[in-house]
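Coordinate inspection notes
Next come the chains, spelled out residue by residue.
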Amino acid sequence: MASTLPNAGALAGCKVIDLSRVLGGPYCTQILADHGADVLKIEPPGGDETRGWGPPFLGDTASYFIGVNRNKEGMTLDLSRLAGQELLRRLLADADVLVENFKPGTLEKWGLGYEALSREFPTLIHCRVSGFGSDGPLGGLPGYDACAQAMCGLMSVNGDAEGEATRVGLPVVDMVTGLNAAVAILLALNERGRSGLGQFLDITLYDCALSLLHPHAPNYFYSGKVPARSGNAHPNIAPYETLPTATGPIFLAVGNNRQFAQLAQTLGAPALAEDPRYAANADRLRNRQALRDELSALLAGHDASALADRLLRSGVPAAAVLTVDQALAHPHTRHRGMVLEQGDYRGVGSPIKLSRTPAALRKLPPEL
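Heads up: these notes are all about the structure in this document. Note that this is a predicted model, so its numbers are computed, not measured.

1. A short note on the pairing of strand β1 (residues 15-18)
- Along β1, one buried face is formed by K15 and I17 and the opposite face, lined by V16 and D18, is buried too.
- Here β1 runs beside strand β2 (residues 38-43); their pairing, made up of 4 bridges, is parallel. What sits directly across from K15, in β2, is D38.
- Between the parallel pair β1 and β2, the chain is carried across by helix α1 (residues 24-34), and the sense of this crossover is right-handed.
- Pairing of β1 with strand β6 (residues 97-100) involves 3 bridges; the strand directions are parallel. Within the sheet, the bridge partner assigned to I17 lies in β6 and is L98.

The structure is reproduced here in structure tokens:
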């Protein structure tokens, strides 16, 4: 997102009714809103629960809510009451998309499920974000990011080799579910241009968590070996992990022999690339610990950031391990327009860059 100035946006004219709460659904609709869709966020009378997920707060609203709800209009509605249901129907009359993350069966109980709505609004695209979908062994059960990480194998491959299975330090399942929901909506909008019909989009945390198991799932399919934790080390590539320097860790992501030879050259040890133990990636994997020991000794006198810059400019993937504040303050972060500021509002910009219709900050997150 390069600008806080309004523009038409790629989705201008697309009307979205957002009944979702917490993260997956709101992240999806913020993507749509950033690119010009008219998103109306409808909250229950008590509000989206993430409004209270703080501190920190801006006024009475938690930073968690602020982070995924810009560019939306807001209203509250009690859908358990007949008047609320009738008002929602009026709002849907000219809407293109409905996004919701109610527990499967809830909207159906109120006569607002897909079957009922599709008869009344045949062009409506109805996107449901749920934990497991409505049927199957786990159908209808509530879903949560951390539980999906646990039961779909993500935690089992995350963490130190000798440590415990560890949750990824951000809600990656919720966010990739929101991203997949946005992709699904765009696909359905495109198809509607041919058929003139809406459809139901069934996006689950469970499916999205499983979809993240690369390369662990294919490794298992073709080796029969159950993937294990390896810390920051890659299961298929070496050296591909964090290593210590004089000023902190550096991540080396060396994916081919040319990059390895350049790494050795930059570190003043060209003979390393000629050592038969490290001749090819498979050799480096077999001798990972010996290679790690040699590289650690060579890196001991270097500054992580300065060396990472030298390596990257010579074609070797490398990066100093930055903290969140350092990453947000990085000059390239600013150059890419990835920090938005308007008054008291600060947020992470859109990573989706379009040349003629860029994302923009049009509205601050709605008050309750």
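2. Remarks on the packing of aromatic side chains
- Applying the stated rule across the entire model yields 7 aromatic pairs.
- Both rings, one in Y220 and one in F221, keep their centres 6.3 Å apart while their planes meet at 50°; by these two values the pair is tilted.
- Using a relative accessible area of 61% as the deciding quantity, one classes F221 as exposed.
- Where F260 meets Y278, the ring centres are 6.4 Å apart and the plane angle is 70°; that geometry is what we call edge-to-face. Taken together, the residues F260 in helix α10 (residues 257-266) and Y278 in the loop between α10 and α11 (281-286) connect sequence positions 18 residues apart.
- Positioned over the ring face of F65 is R51, at 3.9 Å from the centre of the ring.
- One cation-aromatic arrangement involves R284 over F260; the distance from NZ or CZ to the ring centre is 4.6 Å.

3. Thoughts on the side chain of T177
- With respect to the secondary-structure elements, T177 resides in helix α7 (residues 172-195).
- For T177, a relative accessible area of 0% translates into the label buried.
- Apart from residues no more than four positions distant in its own chain, T177 is found in contact with V129, I203, T204, L205 and C208.

4. Things to note about the nonpolar core
- Of all hydrophobic cores here, the largest spans 35 residues; its most connected members are V16, L32, V97 and I185.
- Looking at this core, the elements with two or more residues in it are α1, β6, β7 (125-130), α7, β8 (200-204) and α8 (205-211).
- With 8 residues, the single largest contributor to this core is α7.

5. With respect to the sheet that holds strand β9 (residues 240-245)
- In space, the 3 strands of this open sheet follow the order β9-β10-β11, with antiparallel pairing throughout. The outermost strands of the open sheet, each flanked by one partner alone, are β9 and β11 (318-320). Averaged over all pairs of adjacent strands, the angle between strand axes in this sheet comes to 25°, irrespective of strand direction.
- As defined by bridge partners, β9 adjoins strand β10 (residues 248-253) across 6 bridges and the pair is classed as antiparallel. The partner of T245 across the bridge, within β10, is G248.
- Packing of helix α12 (residues 288-299) onto the sheet brings it into contact with β9 and β10, and relative to β9 it is tilted by some 35°.

6. Re the pattern of salt bridges
- According to the stated counting rule, one finds 19 salt bridges in the structure shown.
- With a shortest N-O distance of 2.5 Å, R286 and D283 are connected by a salt bridge. With R286 and D283 both in helix α11 and 3 residues apart, the pair spans about one turn of that helix.
- Among the residues examined, R286 registers a relative accessible area of 61% and is labelled exposed.
- Overall, D283 belongs to the buried group, its relative accessible area being 17%.
- Residue R334 is joined to E341 by a salt bridge in which the shortest nitrogen-to-oxygen separation is 3.3 Å.
- Each of E86, R89 and E120 takes part in a single network of salt bridges with overlapping partners.

7. Observations concerning the sheet that holds β8
- The strand order across the open sheet formed by 6 strands is β5-β2-β1-β6-β7-β8, and the pairing between neighbours is parallel. Edge positions in the sheet fall to β5 (72-76) and β8, since each has one partner strand and no second. Recorded for the sheet is a direction-independent mean angle of 20° between the axes of neighbouring strands.
- Where β6 and β7 come together, 4 bridges link them in parallel fashion. Along β7, the bridge assignment pairs E100 with R128.
- The sheet contacts of helix α3 (residues 82-92) involve β1, β2, β5 and β6, and relative to β1 the element is tilted by about 160°.

What counts and how
- Residues numbered from 1 in each chain as written.
- Predicted model: local features only at pLDDT ≥ 70, side-chain atom pairs only at ≥ 80, totals over all residues.
- Heavy atoms only, no water.
- Buried < 20%, exposed > 50% of the residue type's maximum accessible area, 1.4 Å probe, protein only.
- Helix = DSSP H or I, 4+ residues; strand = E, 2+ residues; numbered from the N terminus.
- Pairing = 2+ DSSP bridges.
- Right-handed = clockwise from strand over helix to strand, strands pointing away.
- Phe/Tyr/Trp six-rings, centres within 6.5 Å; stacked < 30°, edge-to-face > 60°.
- Lys NZ or Arg CZ within 6 Å of the ring centre and 35° of its normal.
- Contact = heavy atoms within 4.5 Å.
- Core = buried A, V, L, I, M, F, W, Y, C linked by side-chain atoms within 4.5 Å.
- Axes fitted to C-alpha atoms, helices over the stretch in contact; angles between N-to-C directions.
- Salt bridge = Lys/Arg side-chain N within 4 Å of Asp/Glu carboxyl O.

It is worth stressing that arrangement in space is one thing and function is another; only the former is reported here.
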